[in-house]
Amino acid sequence: MTASQPDMTTTAGKLADLAQRLENAARPVGAEAVDKRHEAGQLTARERAERLLDADSFVETDALARHRVSDFDLEHNKPLTDGVVTGYGTIGGRRVCVYSQDNTVFSGQLGEVYGEKICKIYQLATKTGQPIIAIHEGTGPRFAEGIVTLAMYSKILSHMTAASGVIPQISVVTGQTTGLHAFGPAFSDVTIMVDGDASLHHASEAAIAHATGTRLDTQALGSAQVHATESGTCHLRAESDAQALELARTVVDYLPVNNMAEALRTEAEIQVGSVQDNVTDTDYQLDDLIPDDTFAAYDVREVLNIVTDDGIFELQEEYAPNIVTAFAHVEGRAVGIIANQSAHQSGALTSQAAEKAARFIRTCDAFNTPIIEFVDSADFVHSADEERAGLLRRGAKLAYAYAEATVPKVTVILRKAFGTSYVFMGSKDLGADLVYAWPTAQIAIAGAEETARGIYGAQFEGAADGAESLAEKAAELEEKFIHPYAAAERGYVDAVIPPNETRGQLVEALRMLGRKVVTTQPKKHGNIAL
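Residues numbered from 1 in each chain as written. Predicted model: local features only at pLDDT ≥ 70, side-chain atom pairs only at ≥ 80, totals over all residues. Heavy atoms only, no water.

1. A look at the overall build of the chain
And step 1. The number of helices and strands found in the chain is 20 helices and 17 strands.
And step 2. Seen through its principal axes, the chain has C-alpha atoms that stretch 105 × 60 × 45 Å.
And step 3. In the chain, buried positions account for 53% of the 530 residues.
And step 4. If you take every contact in the chain between residues at least 6 apart in sequence, the share linking residues at least 24 apart comes to 72%.
And step 5. When the accessible surface of the chain is split by element, carbon and sulfur atoms take 51% of a total near 24200 Å².
And step 6. Across the chain, the centroid of the 45 positively charged side chains sits 9 Å from that of the 73 negatively charged ones. (Helix = DSSP H or I, 4+ residues; strand = E, 2+ residues; numbered from the N terminus. Buried < 20%, exposed > 50% of the residue type's maximum accessible area, 1.4 Å probe, protein only. Contact = heavy atoms within 4.5 Å. Areas by Shrake-Rupley, 256 points an atom, 1.4 Å probe, with all protein chains shown as cover. Lys, Arg positive; Asp, Glu negative; His and termini not counted. Charge placed at Lys NZ, Arg CZ, Asp CG, Glu CD.)

Here's what the structure looks like:
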């Protein structure tokens, strides 16, 4: 036997052979490919999986898998792993499953065995109730394997669908991801992309150039910025592989392992005694946050950062910024937060904002995460562009998602809650369990001026003092109706609270709603306005 060929008639030789095979699997196309990745400032597929997980916790599956194709001379090119690293490990001590695509093997193209490996790890994750994290860098089907690759994509998407709402699915896009590969991240609950390196698009540059005569590079087609600001597919942007993987770890911290569990509670100061007894100097800052000018803007994040334990972890920050969607903790419990952002479009709703909030609500509801809404919105944006963009259909998703959700739901009306925004943003009769309002809240069909025009406009039309009379009527209406007390009298608001008590009231609400039980009508599923 030579030094490179162990004696396979002995146990020692067989152990040495296994060690050699596993070493080859760690570098399936050789050390040179690994060096090129490092020179480019990128991690290998295996390094990404290991970096994602707790140190030394990664357990690989199917490391010795190879394709079984004999056409096109592929029988002479059979790298181990077949282009995807799969396995499981822990994040913060909680077990998760992972797969990481390897662009150095067949340029990241998917073959039959590659697809089988992903299907197997999905089956393992789903039947054991563990989150699955996918690290994407692939370029469509492996042409040499023919139609079997399309069948594997179909199976993978079927597994993703079956897992949806059962286990959290998180995608990290680290490199060019095109063709059928690119649809995987769109199935995920949260998608993270690396600036500069990641791209996500169906058509290749060559296909678009052939079809349109326009040549675009991968970044123009589907960079992290494109998907964060324009399509909304990207929830979080990262500057590097390492940061993207760290963000994935953070997302896992806010979610339960599956739909039958709760997210882990974090260490927090426990409220003891009455709400009033627990008001702090920081809480008192809320009393001065709403401007006296009802049209003046403010940053709602200031409110959110005060009422939560350690601030918010925002998703889709750059997409539809007129609404904020974020995870946070309140007394150690993970919650989902939705808030109108008056600093953008005065917090008015748009079709994009409605879809963004609806998707987040469904994510929270699927994974037992209470929803807290902070309302300050005069209505949907009134424009022809919004109407033509499908405002009615897309806006309906928000009302549907909220009404359908069975997790604890709490609403805090900060300022304006007019018309459609009142209805869609966590109103009592749409399904909110508890609704609080600040004294600054304005709850009505519309603002005082618009209401005056609706009631008295015809009466004063053409009169010499018509504008003055309408202004007087508007002032009367505002004093009589445009405040939280009319809604409180009718039970549409459960309590009008001083802003400084908001955190304490939320703590008590979440404690009480922890025992919430909802029995739903038996049906296959509803038909949300997709």
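2. What about the UniProt feature "domain: CoA carboxyltransferase N-terminal" (unreviewed entry) in the chain?
And step 1. In the numbering used here, UniProt assigns the "domain: CoA carboxyltransferase N-terminal" (unreviewed entry) feature to residues 11-267.
And step 2. Annotated as 41% helix and 17% strand, the span residues 11-267 places its first and last C-alpha atoms 51 Å apart. (UniProt positions renumbered as here; feature names shortened; annotations may be inferred.)

3. Remarks on the nonpolar core
And step 1. Of all hydrophobic cores here, the largest spans 74 residues; its most connected members are I192 and I413.
And step 2. Among residues more than four places away in sequence, those in contact with I192 are I170, S171, V172, V173, L236, A244, L247 and A248.
And step 3. Grouped together as the second largest cluster of nonpolar side chains are 31 residues, V324, A326, A328 and V330 included. (Core = buried A, V, L, I, M, F, W, Y, C linked by side-chain atoms within 4.5 Å.)

4. Observations concerning the side chain of Q130
And step 1. With respect to the element layout, Q130 can be found in the loop between α4 (112-128) and β4 (132-136).
And step 2. For Q130, the side chain forms a polar contact with the main-chain oxygen of T128, separated by 3.1 Å.
And step 3. With near-sequence residues (within four places) excluded, Q130 lies in contact with R95, V96, C97, A125, I167 and V257. (Polar contact = N/O pair within 3.5 Å; in protein donor to acceptor, adjacent residues only side chain to side chain.)

5. Some points on the state of the cysteines
And step 1. For the structure on display, the rule yields 0 disulfides.
And step 2. Sulfur of C97: no disulfide; nearest cysteine sulfur belongs to C119 and is 14 Å away.
And step 3. Among the residues examined, C97 registers a relative accessible area of 2% and is labelled buried. (Disulfide = S-S within 2.5 Å.)

6. Considering the packing of helix α3 (residues 45-52) against helix α10 (residues 241-254)
And step 1. Put simply, α3 and α10 touch, their axes get as near as 9 Å, and they point 40° apart. Considering their axes alone, α3 and α10 lie oblique with respect to each other. The hand of the α3/α10 crossing is right-handed. Along the contact surface, α3 presents R48, R51 and L52, while α10 presents D241, A242, L245, A248 and R249.
And step 2. A per-class count over the contact of α3 with α10 returns 4 nonpolar, no polar and 4 charged. (Axes fitted to C-alpha atoms, helices over the stretch in contact; angles between N-to-C directions. Parallel < 35°, antiparallel > 145°, perpendicular 65-115°, else oblique. Left-handed = near helix turned anticlockwise from the far one by under 90°. Nonpolar A, V, L, I, M, F, W, Y, C, P; charged D, E, K, R; others polar.)

7. What about the packing of aromatic side chains?
And step 1. Tallied over the full model, the rule gives 5 aromatic pairs.
And step 2. Seen in terms of ring centroids, Y254 and F327 are 5.6 Å apart; in terms of plane orientation they differ by 15°. Their pairing is stacked. Here F327 lies in strand β11 (residues 323-330) and Y254 lies in helix α10, a separation of 73 residues in the sequence.
And step 3. Note on Y254: relative accessible area 11%, which makes it buried.
And step 4. Residue classification places F327 among the buried residues on the basis of a relative accessible area of 1%. (Phe/Tyr/Trp six-rings, centres within 6.5 Å; stacked < 30°, edge-to-face > 60°.)

8. Things to note about the pairing of strand β15 (residues 434-437)
And step 1. Neither face of β15 is exposed, since L434 and Y436 on one face and V435 and A437 on the opposite face are all buried.
And step 2. Where strand β14 (residues 409-418) and β15 come together, 4 bridges link them in parallel fashion. Bridge assignment links V410 to a residue of β15, and that residue is L434. (Pairing = 2+ DSSP bridges.)

9. A look at the sheet that holds strand β1 (residues 59-61)
And step 1. Strand order in the open sheet formed by 7 strands is β1-β2-β3-β4-β5-β7-β9, with mixed pairing between adjacent strands. Here the strands that pair on one side only, and so sit at the sheet edges, are β1 and β9 (236-238). Neighbouring strand axes in the sheet, compared pairwise and without regard to direction, differ in orientation by 20° on average.
And step 2. Summarising the sheet, strand β5 (residues 169-173) and strand β7 (residues 190-194) pair through 4 bridges and their orientation is parallel. Bridging from a neighbouring strand, V172 pairs with I192 of β7.
And step 3. In the packing of α4 onto the sheet, contacts are made with β1, β2 (84-91), β3 (94-101), β4 and β5, and the angle to β3 comes to roughly 165°.

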